[in-house]
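# Topology and contacts: notes
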Amino acid sequence: MESKKNKMSVRWIITVLLTVLVLLIPTDELFTEQIRIYLSGTVFCVFLIAFELVSPMLVSIILPTFYTVSGVAPMATAFGSYAGVFIWMVLGAFVLGNVMDETGLLKRLAYRMIMLMGGSFSGAVFSVYLVAAFINLITFGSAWVIALPVIMGIIKALRLKPGRESAIVCFAGMAGTVDSGVFMYIPSSIVMIDNHVQSVIPGFHATFFTCFIYNGLILAVSLLAIWLLLRENKRYNQKHNVKAVSGCMAKEYFSDRYHEMGKLSVDEIKSMVLFLLILFYMIASTFTRWNSSYAFMVIPYAAFLPGVGVGKKAETALKNVNYNGLFFATSCVAIGVVGNFVGFNTWLTNITVLLVSGQGALFTCILLLLITIVGNFVLTPSALMSGFGGAFAQIAMAVGMKPIAAVMLLYFSANMIFLPHEISGYLLLYGMGYWPIREFVKQQSFKTVLYLIFFVIVIYPFWRVTGLL
């Protein structure tokens, strides 16, 4: 007990010291007082979560309130995420997942997936990755919301509690949904890539395969990361004499559970129809330019309608929504919005240009990766792409690289994170409560280091040999 108190005290001291250190950074024309105050409050709140010092709900209140009270941003900006589509889109996703869970559809899908992968824990984890990646492919990058019910279905089918095993399932799911988007064709990203490269090479156009040609090897590193995490988990269980999840699993067990469910119930069919409607809407919105968020703001609530809905199961689904995670995810959106408002992204871009000036290609690539990792702490991937893409293209020209290589490097490094608030998809799944922050930080730190090593020894040489650089 005393040891636990000492650890908490140390964490509080580190959090306060880091906040004070930020406040001691001298200001100038670029690094303004407003940016310094913004960074201090952001660092404080980030480490409150990283060290699990307070409840996520409390941080969701503190963060935008600090931005407002300190004068960093007006209330409309600091709390703007509560008036935007994000919170309502996420709420709809939570409701849909819970409806599918209440009707039993998630268990049925999860049992079937596990059976197809041999009935082992490792097979279930890899099936989550493959299914999530497939959904991401057919929805052109929208799987980070749609695949959540599938991920949660596997966790609940395996009867996992928040811990190492549930975190590995979450890791695989996000690798399939978010990380795979780096090498898949996503129209919105292609447009952004074209705009940045065209700023230095007019007439440039990325093709359907451009992202895969440059970043397709990430598929290998993602699968390697999942395999290494599974291996480490097996070793941990053996060392500490913990009964492994895979040890009590068998294909026959899940086959029995699957057949016990009998035929699809009417409510299961209804919840499946809702899921498919959203899936088709997301695919169609890529071509029709419909607002993709509307699907989650409208369709899930058909479950509450008389006749076509699922009755009391829908009410239970709404009550079981993780509102702590919902509010935390929404407030974290303010980090990127306020960072852009105070000019932090402009300052970081200028620093990047200064640091890489006159350096070689490999040094430049590594430094750009590190700069992006820092930027991830306070900027969303879209903010990074829009704010840094043009600068990266210009930097590439200055050191003799192809501009598209630098832009794809930025795209590649956007998923090299440490904390859940850095990417909406990760934050959303973290908010479901099955991804403990300690496991999250360990896994993502491991993945980020693995990405760096993999880039230096595999991707960079591949780019040079093939002339992509």
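Let us look at the structure shown here. Being a predicted model, the structure only gives us computed values, none of them experimental. What you see as residue numbers is a count from 1 along each chain, following the sequence as written. The predicted nature of this model means local features are confined to residues of pLDDT at least 70 and side-chain atom pairs, given and counted, to a pLDDT of 80 or more, with totals for whole chains, interfaces and linings taken over all residues. Calculation of side-chain values draws on the structure's entire complement of heavy atoms; hydrogens and water are dropped beforehand.

## So, the overall build of the protein chain
- Numbering of helices and strands starts at the N terminus; helices are DSSP runs of H or I of at least 4 residues and strands are runs of E of at least 2. Counting its regular elements, the protein chain contains 24 helices and zero strands.
- For this measure, only C-alpha atoms enter the radius of gyration; the expected value for a globule follows 2.2 Å times N^0.38, where N is the number of residues. Taking 23 Å as the expected radius of gyration for a compact globule of 469 residues, we find that the protein chain reaches 23 Å, a close match to that expectation.
- Dimensions along the principal axes, computed over C-alpha positions, put the protein chain at roughly 65 × 55 × 50 Å.
- Split into buried and exposed, the 469 residues of the protein chain put 52% on the buried side.
- Here, residues are in contact when the closest pair of their heavy atoms is within 4.5 Å. Put simply, of all contacts in the protein chain between residues at least 6 apart along the chain, 76% involve residues at least 24 apart.
- Neither His nor the chain ends contribute to the count of charged residues, in which Lys and Arg are positive and Asp and Glu negative. A charge is said to be at NZ when it belongs to Lys, at CZ for Arg, at CG for Asp and at CD for Glu. Taking the average place of the 30 positive charges on the side chains of the protein chain and the average place of its 19 negative ones, the gap between the two points comes to 7 Å. Think of it in three bands: with a 1.4 Å probe and only protein chains considered, a residue is buried below 20% of the maximum accessible area for its type, exposed above 50%, and partly exposed in between.

## Description of the pattern of salt bridges
- Within this document, salt bridges are pairs made up of a side-chain nitrogen of Lys or Arg and a carboxyl oxygen of Asp or Glu, the two lying within 4 Å of each other. Going through the model one piece at a time under the given rule, you end up with seven salt bridges.
- Of the charged contacts, one joins Arg 108 and Glu 268 as a salt bridge, the two residues approaching to 2.8 Å between their closest N and O atoms. With a gap of 160 residues between them, Arg 108 in helix α6 (residues 105-116) and Glu 268 in helix α15 (residues 266-288) connect regions that are remote in the sequence.
- What makes Glu 268 buried here is its relative accessible area of 3%.
- Among the ionic pairs, Lys 442 bridges to Glu 439, the shortest N-O distance being 3.4 Å. In this pair, Lys 442 and Glu 439 both sit in helix α24 (residues 437-466), three residues apart, roughly one turn of the helix.
- The exposure class assigned to Lys 442 is exposed, which follows from its relative accessible area of 52%.

## Considerations on the nonpolar core
- Core analysis: the biggest nonpolar cluster contains 157 residues, and Ile 193 and Trp 435 have the highest contact counts within it.
- No other element matches helix α5 (residues 85-103), which puts 11 residues into this core.
- Setting aside residues no more than four positions away along its own chain, Ile 193 makes contact with Cys 211, Met 385, Ile 404, Val 407, Met 408 and Tyr 411. Here the nonpolar core consists of buried residues drawn from Ala, Val, Leu, Ile, Met, Phe, Trp, Tyr and Cys, with membership extended through side-chain atoms lying within 4.5 Å.

## What to know about the packing of helix α20 (residues 361-376) against α24
- Only the stretch in contact is used when a helix axis is fitted, and all axes are lines through C-alpha atoms; the angle between N-to-C directions ranges over 0 to 180 degrees. It is the contact of α20 with α24, at a shortest axis distance of 11 Å, that shows an interaxial angle of 150°. The handedness of the crossing between α20 and α24 comes out as right-handed. Across the interface between the two elements, Ala 361, Leu 362, Cys 365, Ile 366, Leu 369, Leu 370 and Ile 373 from α20 touch Thr 448, Leu 452, Phe 455, Val 456, Tyr 460 and Arg 464 from α24. Crossing handedness: left-handed means the near helix sits turned counterclockwise from the far one by under a right angle, and right-handed means the same turn made clockwise.

## Quick notes on the side chain of Asn 98
- Turning to its location among the elements, Asn 98 is positioned in helix α5.
- Residue class for Asn 98 comes out buried when judged on its relative accessible area of 12%.
- Engagement of the side chain of Asn 98 in a polar contact is seen with the backbone oxygen of Ala 317, the distance being 3.0 Å.
- Dropping the residues within four chain positions of it, Asn 98 is found in contact with Ala 317, Asn 320 and Val 321. Residues adjacent in sequence count toward polar contacts only when both atoms are side-chain atoms; beyond that, a polar contact is any pair of N or O atoms within 3.5 Å, and within protein one must be able to donate a hydrogen and the other to accept it.

## Here's the deal with the packing of helix α22 (residues 403-413) against α24
- For the pair α22 and α24, interaxial distance at closest approach is 13 Å and the crossing angle is 155°. As judged from the angle between their axes, α22 and α24 are roughly antiparallel. You can see that α22 and α24 cross each other, and the crossing is right-handed. Each of Ala 405, Leu 409 and Phe 412 in α22 lies in contact with α24, whose residues at this interface are Tyr 451, Phe 455, Ile 459 and Trp 463.
- Among the residues forming the contact of α22 with α24, the class breakdown is seven nonpolar, no polar and no charged. Here the angle decides the label: under 35 degrees means roughly parallel, over 145 means roughly antiparallel, 65 to 115 means roughly perpendicular, and every other value means oblique. Any residue that is not Ala, Val, Leu, Ile, Met, Phe, Trp, Tyr, Cys, Pro, Asp, Glu, Lys or Arg is counted as polar, Gly included; the first ten are nonpolar and the last four charged.

## What about the environment of Gly 173?
- Looking at the secondary structure, you find Gly 173 in helix α10 (residues 164-177).
- Excluding residues within four positions of it along the chain, Gly 173 makes contact with Val 128, Ala 132 and Ile 151.

## Here's the deal with unusual backbone geometry
- The backbone of Arg 159 shows a phi angle near 55°, a positive value even though the residue is not glycine.
- Note that Arg 159 resides in the loop between α9 (148-157) and α10.
- For Arg 159, a relative accessible area of 63% puts it in the exposed group.

## Side note on the side chain of Ser 166
- Mapped onto the elements, Ser 166 comes out in helix α10.
- We classify Ser 166 as buried; its relative accessible area is 0%.
- Setting aside residues up to four positions removed in sequence, Ser 166 forms contacts with Ile 155, Leu 160, Lys 161, Tyr 434 and Pro 436.

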